[in-house]
Amino acid sequence: MTIFTLQSVKKDFGIKEILKGGSFSLDAADKVGLIGMNGSGKSTLLKMIAGLEPIDGGQILLNPGVRTIYLPQQPDMDPNHTVLEQVFADSGEQMQLVREYEEVSEKLAHPENNESTELLNKLSDVMQRMDALNAWEVETKAKIILTKLGIVDFEAKVGDLSGGYRKRIALAAALLSEPDALLMDEPTNHLDAMSVEWLQEYLSRYRGAILLITHDRYFLDKVTNRIIEIDQGDIFTYSGNYTYYLEKKALAEESMVGTQRKHAGLLRRELAWLQRGAKARSTKQKARIGRAEDLKEKEFKQATGKVDITTPGRRIGKKVIEVVGVSKAYDDRTLISDFTYEFSPEDRIGIIGENGTGKSTLMDICTGRLQPDSGTVDIGTTIHIGYFDQHSEDLLEAGTEQLRAIDYIKEVGEYVKVADGSQISASQMLERFLFTPNQQYTPISKLSGGEKRRLFLLRVLMSTPNVLILDEPTNDLDVQTLGVLEEYLSEFNGCVIVVSHDRYFLDRTVEKIFALEPEGKIREYPGNYSVYLDYKQAEATAEKLAAKNQANPKTVTKAAPVAVLEAPKEEKKRRLSTWEQREFTKLEAQIAKLEADKVKLAHQLSNSPKADYSQLQALNNQLEQLNKTLDTTTERWLELA
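No experiment lies behind these values; they were computed from the predicted model shown.

Let's shift gears to the overall build of the chain. Along the backbone of the chain there are 20 helices and 20 strands. A buried classification covers 46% of the 641 residues belonging to the chain. Relative to all contacts within the chain whose residues are 6 or more apart in sequence, the contacts with residues 24 or more apart total 68%. As displayed, the chain has an accessible area near 32,700 Å², and 49% of this comes from carbon and sulfur atoms.

Right, let's get into the side chain of Asp502. Here Asp502 is to be found in the loop between strand E18 (495-499) and helix H17 (503-509). As a buried residue without a salt bridge, Asp502 has its nearest oppositely charged side chain in Arg217, at a separation of 4.4 Å. Among the polar contacts made by the side chain of Asp502, one reaches the main-chain amide nitrogen of Tyr504 at a distance of 3.1 Å. When sequence neighbours within four positions are dropped, the list of residues in contact with Asp502 reads His215, Asp216, Arg217 and Thr474.

This part covers the packing of aromatic side chains. Summed over the entire model, instances satisfying the criterion amount to 13 aromatic pairs. Here Phe4 and Phe24 contribute two aromatic rings whose centre-to-centre distance is 6.0 Å and whose plane-to-plane angle is 75°, an arrangement assigned as edge-to-face. Here Phe24 lies in strand E2 (residues 17-27) and Phe4 lies in strand E1 (residues 2-12), a separation of 20 residues in the sequence. Look at Tyr341 and Phe514: their rings are 5.0 Å apart centre to centre, the planes differ by 80°, and that puts the pair in the edge-to-face class. On the criterion of sequence distance, the pair formed by Tyr341 in strand E11 (residues 333-343) and Phe514 in strand E19 (residues 512-516) is long-range, its members being 173 residues apart. Judged on exposure class, the residue Tyr341 and its partner Phe514 are both buried. Every member of this aromatic cluster is reached through a ring pair, and the members are Phe339, Tyr341, Phe343 and Phe514. In this structure, Arg168 is placed above the aromatic ring of Tyr165, and the distance from its NZ or CZ to the ring centre is 5.0 Å. The aromatic ring of Tyr408 is capped on one face by Arg459, whose charged end is 4.3 Å from the ring centroid.

Membership of the largest hydrophobic core comes to 43 residues, with the highest contact counts inside it found for Leu146, Leu171, Leu175, Leu182, Met184, Leu199 and Leu203. No other element matches the 7 residues that helix H6 (residues 163-177) contributes to this core. The next biggest cluster of nonpolar side chains, apart from the first, holds 42 residues, and it includes Ile424, Val496, Phe505 and Tyr535.

Another aspect to go through is the pattern of salt bridges. One pass over the structure, following the stated rule, counts 23 salt bridges. Linking Asp389 and Arg369 is a salt bridge whose minimum nitrogen-to-oxygen distance equals 3.1 Å. One end of the pair, Asp389, is in the loop between strand E14 (385-388) and helix H12 (405-410); the other, Arg369, is in the loop between helix H11 (359-366) and strand E13 (374-379), with 20 residues separating them in the sequence. A residue is classified by how much of its surface remains accessible, and Asp389, at 6% relative accessible area, is buried. Since its relative accessible area comes to 47%, Arg369 is described here as partly exposed. Residue Arg459 is joined to Glu411 by a salt bridge in which the shortest nitrogen-to-oxygen separation is 2.9 Å. You can see Arg459 sitting in helix H15 (residues 449-462) and its partner Glu411 sitting in the loop between H12 and strand E15 (415-417), a full 48 residues away along the chain.

Separated by 80 residues in the primary sequence, Asp389 and Ile469 place their C-alpha atoms 8.1 Å from one another. Filtering out sequence-adjacent residues up to four positions away, Asp389 remains in contact with Arg369, Arg453, Phe456 and Asp471.

A few words on H11. Of all 8 residues making up H11, 7 are buried, and the element is well covered by its neighbours. Regarding H11, the residues found buried are Lys359, Thr361, Leu362, Met363, Asp364, Ile365 and Cys366.

Two pairing modes exist for strands in a sheet, parallel and antiparallel, and in both the strands are linked by backbone hydrogen bonds. Taken together, the 6 strands give an open sheet; going across it, the order is E5-E6-E7-E3-E8-E9, and neighbouring strands pair in mixed fashion. The sheet is open, and its two edges are formed by strand E5 (68-71) and strand E9 (234-238), each paired on a single side. Between one strand axis and the next, the sheet turns by 15° as a mean value, whatever way the strands run. Bridging between strand E3 (residues 31-35) and strand E8 (residues 226-231) involves 4 bridges; their strand directions are parallel. Paired with Ile35 across the two strands is Glu229, which belongs to E8. Of the strands in this sheet, E5 and strand E6 (181-185) touch H6, which is tilted by about 170° from E5.

Turning our eyes to something else, we now look at the sheet that holds E11. Here we have 3 strands laid out as an open sheet, ordered E11-E10-E13, and antiparallel in their pairing. Both outer strands of the open sheet, E11 and E13, are each paired with one neighbouring strand and no more. Averaged over neighbouring strand pairs, the angle between their axes works out to 20° when direction is ignored. Alignment of strand E10 (residues 321-330) against E13, held across 5 bridges, turns out to be antiparallel. Note that in E13 the partner of Val324 across the bridge is Thr376.

What counts and how
Residues numbered from 1 in each chain as written. Predicted model: local features only at pLDDT ≥ 70, side-chain atom pairs only at ≥ 80, totals over all residues. Heavy atoms only, no water. Helix = DSSP H or I, 4+ residues; strand = E, 2+ residues; numbered from the N terminus. Buried < 20%, exposed > 50% of the residue type's maximum accessible area, 1.4 Å probe, protein only. Contact = heavy atoms within 4.5 Å. Areas by Shrake-Rupley, 256 points an atom, 1.4 Å probe, with all protein chains shown as cover. Lys, Arg positive; Asp, Glu negative; His and termini not counted. Salt bridge = Lys/Arg side-chain N within 4 Å of Asp/Glu carboxyl O. Polar contact = N/O pair within 3.5 Å; in protein donor to acceptor, adjacent residues only side chain to side chain. Phe/Tyr/Trp six-rings, centres within 6.5 Å; stacked < 30°, edge-to-face > 60°. Lys NZ or Arg CZ within 6 Å of the ring centre and 35° of its normal. Core = buried A, V, L, I, M, F, W, Y, C linked by side-chain atoms within 4.5 Å. Pairing = 2+ DSSP bridges. Axes fitted to C-alpha atoms, helices over the stretch in contact; angles between N-to-C directions.

What follows is the structure in structure tokens.
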């Protein structure tokens, strides 16, 4: 089944032609990754398919029998909704029943209402209607998805949450709706590594079609079965994941270079023949002259430009940043507790942790932006810090967005000395970062989100830092720019500190991991992110073995030395809220009822007349649906348990 088809679609913003006549289709089994340089039109293409952006030519044919959901980078939400209300905003009667059930349960929880016949009858009626509409499974599944995405306070007001948490809520709502096709613009932004891995597994099993934009290359590899690239207004399709795309792209570029080289050689020979004064006395000679003219006029598509990051180094002394006994807390929540570390000039450190654990806070303290509650931070006299902020807050200062891109860069310097010792202008540096002359004189407000990030990165690098701090650098940067940035960091003469959830980027750039854990603890692991995962797996295996030996002291098994790090202290378990305790009790009763229904249905199935195929099929479908509900409900019960 085809979800939609693009036929010769054109889009032109005047200063840039987004699509020259793009054509492709999305089928029900497709999981497609959409890639291209920042500003190439990826987000615009999704908006056109979703009907939010007009097209300038061609047509988009949507299958009227399918349901499509578009997840933008910055979704609109009602700030007065609770988390659950927002997730169920389009669920109609099911959501109304869930809310009604919660209200009645809340009233019955008060001692004076425990035996209210009216409330008990109302509760029974609501529960029967929820059974009929299968609203139990919807609510439970919503809570599972929200929990996996790092949201546990389901009654929080949307207006009180950060943009990152709002994006998670919108993502949960989209997944819960289970449409025929999901259009997703950077779904992994603002997610920590564990949430990204969960989403990766969820989407790889998703039954519907997917068209997504993401910079996460591991994510692209695991989820997609087709890659579509937008390159200078043209669309190219590759039938495979991201690794397959890289292989075929490299072969295509090699072939193009070879073709152009052959063409140049042939053109030189034909021009030399013409310059010798060839006489057009025969049809054959006239044809050769015509061929030479055609060769001169033939144009080749220029290969996509690559970001050229070459900046001068700055001397760095032995003393970089010394952090001694630093602690930081907000209200009764400790983010950093007694942290001590001496950064060296050769450090390549990755900082990881769940959202809200204090990663950006730690960076702000290390750079002097934020004062700790206790402890000291001493920055070396030769240190010049370049801070690539995840919010690019400098771009949002009053009046800054109305600056032209070239004026914004000229604030750092009219000229810059690059790595080879030569001097180039701000305009030339912008060209190296793929800003055309037209774009250089475009107000920053007119640039795409990725182009703004690339511009901000250029400004940071032009300041010639010797300590480079990258806070979520992969957000909104295209995969091509990230690849070049990774190469730049490998040659960078100075200290590099990266805060990121991008597993691929961490594997390529860091040699040590700082993991932020509960109660402000920061643990140090040698190696990149994949090595860190190996350590965590070894620790988990050792803990399971220890628990097994403790349960069976007579059969103690000697464990192999799997990790040199000390075993982590047992984390303090979060107590269930009053509502979660009620939900836990309700789920126990619900699971028991579902198990009884399953036995009853299986008995009916085994005793049904074999010739009555329609009845057998109906009973089999009921049993399959009941098993799905039972699995979902049990998963939520296990989380609460």
